[in-house]
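Below are the chains, spelled out letter by letter.
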Amino acid sequence: MRASRYFVPTLREVPAEAELTSHRLLLRAGFIRKESAGVYVYLPLGWRVIRKIEQIVREETDRIGGIELFMPALVPQELLDETGRSGLDILFKLRDRHQRPFTLGFTHEEIITDIVRNFVSSYRQMPLLLYQIQTKFRDEPRPRGGVIRAREFIMYDAYSFDTDHEALERVYQALRRAYFRMFERMGLPTIIVDAEAGAIGGGSNEEYMIVADGGEDKVLQCDSCGYGANAERCELPDPALTPPVVDAIPPMEQVATPNARTVEEVTAFLNTTADRLVKTLLMRVDGAPVAALVRGDRELNPYKLMHALDGESVEMMDAETIEQITKAPVGFAGPVGLPADLPILADHELRGLQDFITGANAEDAHLVHVCWGRDFTEPRWADLRVAQAGDRCARCADGILREVRGIEVGHIFQLGTKYSEAMGAQFTDGEGNLHPIIMGCYGLGVSRCLAAIVEVHHDKDGIRFPISVAPFEVVLILVNSEDEAQRAVAERLYEQFSQAGFEVFYDDRDERSGVKFKDADLIGIPIQVVVGRGVQEGQVEVRLRADKTPEQVPIEEAMARVGELRQSLYHALRPSEG
RNA sequence: CGGGGCGUGGCGCAGUAUGGCUAGCGCGCCUGCUUUGGGUGCAGGAGGUCCCCGGUUCGAGUCCGGGCGCCCCGACCA
């Protein structure tokens with residue numbers, strides 16, 4: 001491709017809207033352009049990268065027997081009604097001329113299940129692994145970081161259909177390995193972590209994370225066994241604390257704490273520390289009220305509460321109900337004197353704590369010297385609090401968790417029968433009995449990968465693309481476009497490289513060399529061939545974007561040398577397993 | 001949804017407090033000359049509903065009211 005006839009709108013100055021490195025570079029290098037909040041144009045260079053990512057994902061899925069199809073972006077709302085997802089607040093909704101409601105596809109479990117329930121009815125038709133690469137629409141509350149979190153984005157989504165859980169486990173593991181291969185080929189170093197399923201639901205699921213400061217997710221990782229989990233999921237071990245002896249503890253007493261509601265206010269007023277305090281959070285799990293207790297300096301993980309009760313949804317209780325149940329304004333709830341039928345769960349860390357302070361269920365009052373077992377029924381113990389850096393690992397004896405930021409680039413789920421049961425997708429087994437199909441789903445953010453790649457591979461001058469996903473493999477820079485000798489050599493090399501099947505971007509523009517060098521570095525094409533004054537001695541310069549150490553090469557050997565470099569760059573990105 | 005910030009040629013910004021003539025600057029763009037190994041220099045030029053609507057005023061980019069859009073932090077998140 002000749003730069004003089006291509007479309008690369010690079011910018012010298014960074015648009016004020018961009019904060020994140022990858023966002024700034026993608027805008028400056030002319031890869032993307034914002035159309036609206038979270039809505040982007042992929043300009044020619046950006047689109048080439050997207051297509052390379054797609055191709056890698058295709059190859060790796062096809063390799064394990066995946067079959068590509070393409071589903072509509074317009075999803076009839078009644079399909080989502082079947083699974084109860086039509087009310088999600090992130091849906092873009094619209095109506096056709098007959099007022100029939102539609103949703104723009106935010107993920108495609110319902111569509112694929114609809115297809116499968118109509119065409120798959122026998123165990124002989126499975127296993128089946130279908131996938132697509134398509135635009136997804138989600139009306140995110142807060143789009144962020146360019147294409148990191150967009151409202152319209154490109155996603156790969158695969159769906160597996162099997163007759164039993166062993167087969168699901170097999171295909172899940174196959175995808176799990178295929179994902180690692182995909183990310184390695186893109187030059188993305190990922191870690192895999194346990195995760196929450198969110199609105200997808202189903203059974204076990206894992207996320208692929210790129211460790212990067214710009215990441216949105218908090219990830220905890222064990223320094224010893226490597227166990228990793230999204231902070232919203234991360235298990236903590238039961239510290240198995242021995243309860244203190246209650247005999248010597250003074251009787252429970254109510255003290256006035258005027259206007260002291262928050263942990264900070266109460267501890268300041270009573271001149272104590274937050275770890276002497278027990279927070280009582282009133283929640284609803286599947287709509288049913290429940291009280292959750294965590295130490296004053298800890299944070300409740302609502303998902304853990306939900307899982308402890310085998311629930312499917314969790315929310316904070318509204319203020320009105322709280323006041324009804326505690327007979328006090330919000331901020332003074334405590335476990336003592338709550339209705340007998342209200343379940344109370346406590347974080348197992350609290351087992352080692354007696355003689356604590358807690359809300360009195362009365363306005364402007366707290367209780368001190370409170371003991372469970374003595375002053376209220378012993379609660380049910382569970383892992384309820386949010387994990388944080390420094391906590392012990394739940395999976396090994398002596399590991400300590402550390403915290404990193406991560407960009408979620410993939411998420412794989414064992415769905416089980418959640419969708420097949422809701423939508424009546426059944427098959428007949430060898431004995432003629434009907435069963436719900438066992439499903440899995442597997443998502444990968446294609447456009448988010450573009451941002452993640454830049455987030456990982458850049459320096460002060462611009463992007464440094466791994467060759468596998470670079471918009472072009474080689475940039476050919478004609479230093480002085482007025483110099484006939486240089487131009488002749490560059491034209492000849494361009495011709496040869498193109499003939500030989502290299503993806504070459506030939507900067508033949510009538511610009512000063514500085515402009516071309518700056519642009520080449522910004523755009524990040526991995527191999528640079530500079531045709532400059534060296535042509536007088538019959539030489540051109542070959543160098544890598546990554547280190548820019550120049551190498552003088554005779555013109556007639558340039559292509560062979562570039563070929564070697566190209567091969568070694570691809571070689572470095574070959575997948576290590578599977 | 002809560003908090004903060006912003007909206008002026010393609011990009012980055014000044015001007016707004018204290019209303020006043022043809023709305024400025026840098027980059028980019030066009031023309032000519034110049035320069036040609038890291039965003040050259042000089043000269044000339046084009047390009048603007050000052051986010052929108054309404055109001056106050058002799059006069060509004062600037063003041064008042066309402067709305068819209070965008071960014072960041074948090075909540076949320078597939």
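About the thresholds
Residues numbered from 1 in each chain as written. Chains lettered and ligands numbered in written order. Predicted model: local features only at pLDDT ≥ 70, side-chain atom pairs only at ≥ 80, totals over all residues. Heavy atoms only, no water. Buried < 20%, exposed > 50% of the residue type's maximum accessible area, 1.4 Å probe, protein only. Helix = DSSP H or I, 4+ residues; strand = E, 2+ residues; numbered from the N terminus. Contact = heavy atoms within 4.5 Å. Phe/Tyr/Trp six-rings, centres within 6.5 Å; stacked < 30°, edge-to-face > 60°. Near = heavy atom within 4 Å. Polar contact = N/O pair within 3.5 Å; in protein donor to acceptor, adjacent residues only side chain to side chain. Nonpolar A, V, L, I, M, F, W, Y, C, P; charged D, E, K, R; others polar. Domains from an automatic or database assignment. Buried area = accessible area lost by both parts, 1.4 Å probe. Salt bridge = Lys/Arg side-chain N within 4 Å of Asp/Glu carboxyl O. Pairing = 2+ DSSP bridges. Axes fitted to C-alpha atoms, helices over the stretch in contact; angles between N-to-C directions.

Here we come to helix H1 (residues 21-28). Within H1 the residues assigned to the buried category are Ser22, His23, Leu25, Leu26 and Leu27. Against strand S1 (32-36), strand S2 (39-42), helix H10 (446-456), strand S25 (458-459), strand S26 (462-463) and helix H12 (513-523) lie the buried residues of H1. Gly30 sits one or two positions beyond H1 and adopts a positive phi of about 75°.

Moving on: the packing of aromatic side chains. The full count for this structure, using the stated rule, is 15 aromatic pairs. With a centroid separation of 5.1 Å and an interplanar angle of 75°, the aromatic rings of Phe180 and Tyr208 are classed as edge-to-face. Of this pair, Phe180 sits in helix H5 (residues 165-185) while Tyr208 sits in strand S10 (residues 205-211), placing them 28 residues apart in sequence. Here Phe180 matches Tyr208 in class, with each residue buried. Considering the side-chain rings of Trp372 and Trp381, the 4.9 Å spacing of their centres and the 75° angle between planes classify their relative orientation as edge-to-face. You'll find Trp372 and Trp381 in the same group, each marked buried. An aromatic cluster is defined as three or more aromatic residues linked by ring pairs; in this entry it consists of Tyr131, Tyr156, Tyr179, Phe180, Phe183 and Tyr208.

This brings us to unusual backbone geometry. Peptide bonds are, in most cases, trans, and in most cases residues other than glycine have a negative phi. Of note, the amide linkage connecting Met126 to Pro127 takes the cis form, showing an omega dihedral of 5°. Tracing the backbone through its elements, the reader meets Pro127 in the loop between helix H4 (109-119) and strand S7 (128-137). In this model, Asn259 sits at a positive phi of 60°, which is unusual for a non-glycine residue. Counting through the fold element by element, Asn259 comes out in the loop between strand S13 (253-256) and helix H6 (263-270). One non-glycine residue, Lys548, lies in the positive phi region at around 60°. Positionally, Lys548 belongs in the loop between strand S30 (539-544) and strand S31 (551-554). Taking the relative accessible area as the measure of exposure, Lys548 reaches 25% and is therefore partly exposed.

With that settled, consider the protein's contact with RNA strand B. In the region of RNA strand B, 44 residues are neighbours, and Ile90, Arg138, Arg149, Gly198 and Asp521 sit closest. Of all atoms in RNA strand B that approach within 4 Å of the protein, 54% are sugar or phosphate atoms. Here Arg28 contributes a side-chain N or O atom positioned 3.1 Å from a base oxygen of RNA strand B. At 3.2 Å, a side-chain N or O of Glu408 approaches a sugar or linking oxygen of RNA strand B. Broken down by secondary-structure element, the contributors of at least two residues to the surface near RNA strand B are S1, strand S21 (401-416), H12 and S30. Residue contributions to the surface near RNA strand B peak at 7 residues, all from H12. Here the surface near RNA strand B is built from residues that sort into 16 nonpolar, 9 polar and 19 charged.

Turning our attention to the domain arrangement of chain A. With domains assigned, chain A is organised as domain 1 (31-235 + 403-455), domain 2 (253-382) and domain 3 (462-572). Taking only C-alpha atoms into account, the centre of domain 1 sits 38 Å from that of domain 2. Listed as interface residues are 6 residues of domain 1 and, on the opposing side, 4 residues of domain 2. Counting the surface domain 1 buries against domain 2, the share from its top three residues, Glu196, Glu232 and Arg233, is 74%. Counting every contact that joins domain 1 to domain 2 gives 0 salt bridges. There are 4 residue pairs in polar contact (both at pLDDT 80 or more) connecting domain 1 and domain 2. Looking at side-chain class alone, the side of domain 1 that touches domain 2 contains 2 nonpolar, no polar and 4 charged residues.

So, about the sheet that holds strand S16 (residues 314-316). Spatially, S16-S14-S15-S17-S20 is the arrangement adopted by the 5 strands of the open sheet, whose pairing is mixed. At either margin of the open sheet sits one strand with a lone partner, and together these are S16 and strand S20 (380-382). Strand-to-strand twist across the sheet, computed as the mean angle between neighbouring axes with direction ignored, equals 35°.

With respect to the element layout, Lys518 can be found in helix H12. A residue is classified by how much of its surface remains accessible, and Lys518, at 59% relative accessible area, is exposed. Each C-alpha atom of the pair Lys518 and Arg12 lies 9.8 Å from the other, and the pair is 506 residues apart in sequence.

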